[in-house]
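A structural walkthrough
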Amino acid sequence: MQPIVNELKEEMDNFYRMEEVFTNTYDDSMLLNYYGITHSSSSNDSNTKEFMEKMGFKTAPSFEGYNRGGIISVDSLLGLKYQIAAVRAEKFSSYDYTENNYYKKVLEQDEYIVYENPFALPIAFMVNKDLKNVNISNVNAFDLNNNILSSMVKSEEIINKPLEITEIESNNLTSITKDGETYYKKINQDEDASIIFTVEASDNNPVYMFLRSELYENKINNYNQVLVKINDSKEFPQFDSGNYNVEYIGTYEEGNEIKIEVNLKREQFSLKELQVYSCDVSKFAEIYNDLNENTITNTVYKDGYIKGNINVPEDKTLLYTSIPYDKGWSVTVDGIEVEYIKILDGLIGVELNEGNHNIEFKYKTPGLLLGSIISLLAIFIIIFIVDKNKIIDILNYNVISSIKIYHLIWLYMMIETLFLIIPYTTNDSYNGKLFLKHYIPTEKYDEEKLDKYMKRNNKHALSVLVAWIVMNLFLYIIYINYNLSTLYIYLVFIIYYWCDMFCINIWCPFHRLFFKSKCCNECRIYNWDHVMYCTPLLLIRSFW
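Keep in mind it's a predicted model, so treat the numbers as computed, not measured.

Cut-off values and rules
Within each chain, residue numbers correspond to sequence positions counted from 1 in written order. Local features in this predicted model are restricted to residues of pLDDT 70 or higher, and side-chain atom pairs are both shown and tallied only at a pLDDT of 80 or more, whereas totals for entire chains, interfaces and linings draw on every residue. The basis for every side-chain value is the complete set of non-hydrogen atoms in the structure, without hydrogens or water. A pair of strands is labelled paired if DSSP reports no fewer than 2 bridges between them. Per the convention used, a helix needs a DSSP run of H or I reaching at least four residues, while a strand needs a run of E reaching at least two, with both numbered from the N terminus. To get an axis, a line is fitted to the C-alpha atoms, and for a helix only the part in contact is used. The angle between two axes follows their N-to-C directions and goes from 0 to 180 degrees. A pair of aromatic rings is counted whenever rings of Phe, Tyr or Trp (Trp by its six-membered ring) have centres within 6.5 Å, and the orientation is called stacked for planes under 30 degrees apart, edge-to-face for over 60 and tilted otherwise. For each residue, the accessible area found with a 1.4 Å probe, counting protein chains only, is set against the maximum for its type, and the residue is called buried under 20%, exposed over 50%, and partly exposed in between. Here, a charge over a ring means that NZ of Lys or CZ of Arg falls within 6 Å of the ring centre while also lying within 35 degrees of the ring normal. Joining through side-chain atoms within 4.5 Å is the link that ties buried Ala, Val, Leu, Ile, Met, Phe, Trp, Tyr and Cys residues into a set, and such a set is a nonpolar core. Contact criterion: two residues are considered in contact whenever any of their non-hydrogen atoms come within 4.5 Å of each other. Each patch is assembled from residues with relative accessible area greater than 30% and no salt bridge, linking like charges that lie within 9 Å and nonpolar side chains (Val, Leu, Ile, Met, Phe, Trp, Tyr) that lie within 5 Å. Surface accessibility in these figures is a Shrake-Rupley result with a 1.4 Å probe; residues are shielded only by whichever protein chains are displayed. Any Lys or Arg side-chain nitrogen located within 4 Å of an Asp or Glu carboxyl oxygen qualifies as a salt bridge. Identification of polar contacts relies on pairs of N or O atoms within 3.5 Å, with a donor-acceptor requirement for protein atoms, meaning one able to donate a hydrogen and the other able to accept it, and with residues adjacent in sequence counted only if both atoms are side-chain atoms. A pocket here means an open set of points on a 1 Å grid, computed over the protein atoms alone, that has protein on both sides within 12 Å along at least five of seven lines. A cavity is instead a set of points where a 1.4 Å probe fits but cannot get out; residues with an atom within 4 Å of a point line either one. Grid points are joined across faces, edges and corners, and a volume is the space filled by probe spheres set on the points. For this scheme, ten residues count as nonpolar: Ala, Val, Leu, Ile, Met, Phe, Trp, Tyr, Cys and Pro. Four count as charged, namely Asp, Glu, Lys and Arg, and the remainder, Gly too, count as polar.

1. Here we look at the sheet that holds strand β21 (residues 297-302)
The five strands lie next to each other as β21-β22-β28-β24-β25, forming an open sheet whose pairing is antiparallel. Edge strands, defined here as strands with exactly one partner in the open sheet, are β21 and β25 (336-338). In this sheet, adjacent strand axes meet at a mean angle of 30° when their direction is disregarded. Relative to β25, strand β24 (residues 329-333) runs antiparallel, the two being bridged by three bridges. When the bridges of β25 are listed, Thr332 appears paired with Glu337.

2. Quick look at the packing of aromatic side chains
For the structure on display, the rule yields 24 aromatic pairs. Aromatic side chains Phe119 and Tyr288 sit 5.5 Å apart centroid to centroid with 75° between the ring planes, which places their arrangement in the edge-to-face category. Remark: Tyr288 occurs in helix α7 (residues 281-291) and Phe119 occurs in the loop between β7 (112-116) and β8 (124-127); sequence separation between them is 169 residues. Comparing Phe119 with Tyr288 shows no difference in burial state: the two are buried. Grouping aromatic residues by their ring pairs yields a cluster made of Tyr184, Phe210, Tyr216, Phe239, Tyr244 and Phe269. Positioned over the ring face of Tyr16 is Lys81, at 4.6 Å from the centre of the ring. Sitting above the plane of the Tyr305 ring, Lys302 keeps its charged end 5.8 Å from the centroid.

3. Looking at the sheet that holds strand β14 (residues 205-212)
With respect to topology, four strands assemble into an open sheet ordered β9-β20-β14-β17, the strand pairing being antiparallel. The two strands at the open ends of the sheet, each matched to only one other strand, are β9 (160-162) and β17 (247-252). This sheet shows a mean twist of 30° between the axes of neighbouring strands, independent of strand direction. Bridge count between β9 and strand β20 (residues 273-279): three bridges; the pairing is antiparallel. The residue bridging Lys161 from the neighbouring strand is Ser278, located in β20.

4. Overview of the environment of Asp179
Along the polypeptide, Asp179 turns up in the loop between β11 (173-178) and β12 (181-186). Distance from Asp179 to Lys272, taken between C-alpha atoms, is 9.1 Å for residues 93 residues apart in sequence.

5. Quick look at the nonpolar core
Membership of the largest hydrophobic core comes to 78 residues, with the highest contact counts inside it found for Leu131, Met152, Met209, Ile260 and Tyr320. The element that contributes the greatest number of residues to this core is helix α5 (residues 141-153), accounting for seven residues. Residues contacting Tyr320, with those up to four places away along its chain left out, are Leu77, Leu78, Ile123, Ala124, Phe125, Val127, Leu131, Met152, Ile343, Leu344, Leu347 and Ile348. Residues Met413, Leu475, Cys508 and Cys523 belong to the second largest nonpolar core, which totals 26 residues.

6. Overview of a nonpolar patch on the surface
Nonpolar side chains collect at one region of the surface, where Leu462, Leu465, Val466, Ile469, Val470 and Leu473 lie side by side and expose about 530 Å² of accessible area between them. Summarising the element assignment, Val466 is placed in helix α12 (residues 447-481). You can call Val466 partly exposed: its relative accessible area is 46%.

7. Overview of helix α3 (residues 46-54)
Turning to α3, its buried residues number three or more, namely Asn47, Thr48, Lys49, Phe51 and Met52. Those residues of α3 hidden inside the fold are in contact with β3 (58-60), β4 (63-65), β23 (318-324), β26 (341-343) and β27 (347-351). N-cap assignment for α3: the residue whose side-chain oxygen lies 3.1 Å from the backbone N of Asn47 is Asp45. With its phi angle positive at about 100°, Gly56 sits one or two positions after the end of α3.

8. Description of empty space enclosed by the protein
Following the criterion strictly, the structure yields two cavities of 30 Å³ or more and no others. In this structure, the largest cavity encloses a volume near 100 Å³. Looking at the lining of the largest cavity, the elements that each hand over two or more residues are β1 (17-20) and α2 (28-32). Of the pockets and cavities examined, the second largest cavity occupies roughly 40 Å³. Every residue lining the second largest cavity is listed: Arg68, Gly69, Gly70, Gln83, Tyr97, Asn100, Tyr103 and Tyr248. Each residue belonging to the lining of the second largest cavity can be placed in one class, and the counts come to three nonpolar, four polar and one charged.

9. With respect to the pattern of salt bridges
If you walk through the whole model with that rule in mind, you get 15 salt bridges. Linking Glu116 and Lys81 is a salt bridge whose minimum nitrogen-to-oxygen distance equals 3.4 Å. Residue Glu116 is located in strand β7, and its partner Lys81 is located in strand β5 (residues 80-86); the two are separated by 35 residues in the primary sequence. On the basis of relative accessible area, Glu116 is assigned to the buried category, the value being 18%. With relative accessibility at 12%, the residue Lys81 sits in the buried group. A network of salt bridges, in which partner residues are shared, links Arg212, Glu214, Glu217, Lys272 and Glu273.

10. With respect to the environment of Asn358
One can find Asn358 in strand β28 (residues 355-363). As a C-alpha pair, Asn358 and Ile296 span 62 residues in sequence and 9.4 Å in three-dimensional space. Those residues within four positions of Asn358 in sequence are excluded, and the remaining contacts are Gly308, Asn309, Thr332, Val333 and Asp334.

The following block contains the structure:
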């Protein structure tokens, strides 16, 4: 898929995003070097998570997922220009993608199809200052999108319109309603059970739906799993670990009947409401044209940096950006640093004066310098201030017979290292991405190019290995000649471990100086870290 991504990036004349409408990994954007929406991180920002959830996407404490697409007007506000679909969806942890008639098919290559959003807006554009007053709480994704769009252009137009549910039919289910939530339970546990909602299309526009459950949202029931079928054809899961999102269910003509069948995968199920809306594309096109008149131009961007020009009209003095709000950003306008504000509880906005301006965004990780200083001071304290005899006493504590604490530490690290570097034991693709068993064979690829790529990376890996051996031999010579205690080996191990965390989260010399890879996900020595920071433990002369 990398050649497709590269081709799409060349076509972009501004900062836009692209997304997969199938699930491969949550960090494919990092692996393939494109700007997307789906993201997973153990340090995921809560503001971004909550904002994306309000926009109708599946979120969790550690990720946001685009799944099979969002509301077309939401995609536009987030700068989503391209959707990449897999021809053979069964290859991935997903269900077939339903083609949206309003996204243009622009490329079909190998096993992928690319669709273009004709209403994509770049990362920054001018809007009316009323957007600051939009409250994103206690409103569903469709109505919130209406509020956002109307405030941006100061209009009363309603883009997303609710469709009426004309009939509800249940099969093999009993139900009770409490505090607005309806609880369904199977009558016969051995038979299938379902709820069928009938909806009538009111116009010729794309239709979206969302099944809402307060129990699921409040984590009271995390496994409220169902399989949804639309007119006995399109199907998709909801209420599991990866699916709780607004879903596009097709484009219909006025008067068409839409059957939404919710099939229970468990014995019981709870539902607050079914939201079904159509998006008036012609009215949204008018708003898009209005917003597209004052977008950022001459844009220069890279990770953590955006620069461009913006024309500010009299009636739109708030710069909207789809940049997640974070205190690490600094903004300058015409060379002067200015304050920025949080809009929609999750994005960056900048208030500007009428006229033409040069604007620049820079990002620095908050607390990076302070954190590095504290970490170095902690190591200094351990080495030079703390009574090393106390540390030695702890490490020498007898757990069972002559087995001491440091024996167990050593054994644990060695076993974990072996498990990570042996293909047979590495069953998850996160640590085992270098092993063949995690990949599906393909026929169409450039063998010569792949061979060069592998040889280059193997050469760099060998260079790293030689450099690492030489450095640790030097360490071993010092250890032997100065007759240092085992404690110093453990201190070096702690320093190596800290360096590993530094490489992963801040700056990696192997990435910058050797492999020139786009991210850790495609690094040739990705799973060498345990071997490297455990190396000092091998220098201990006597295990007992």
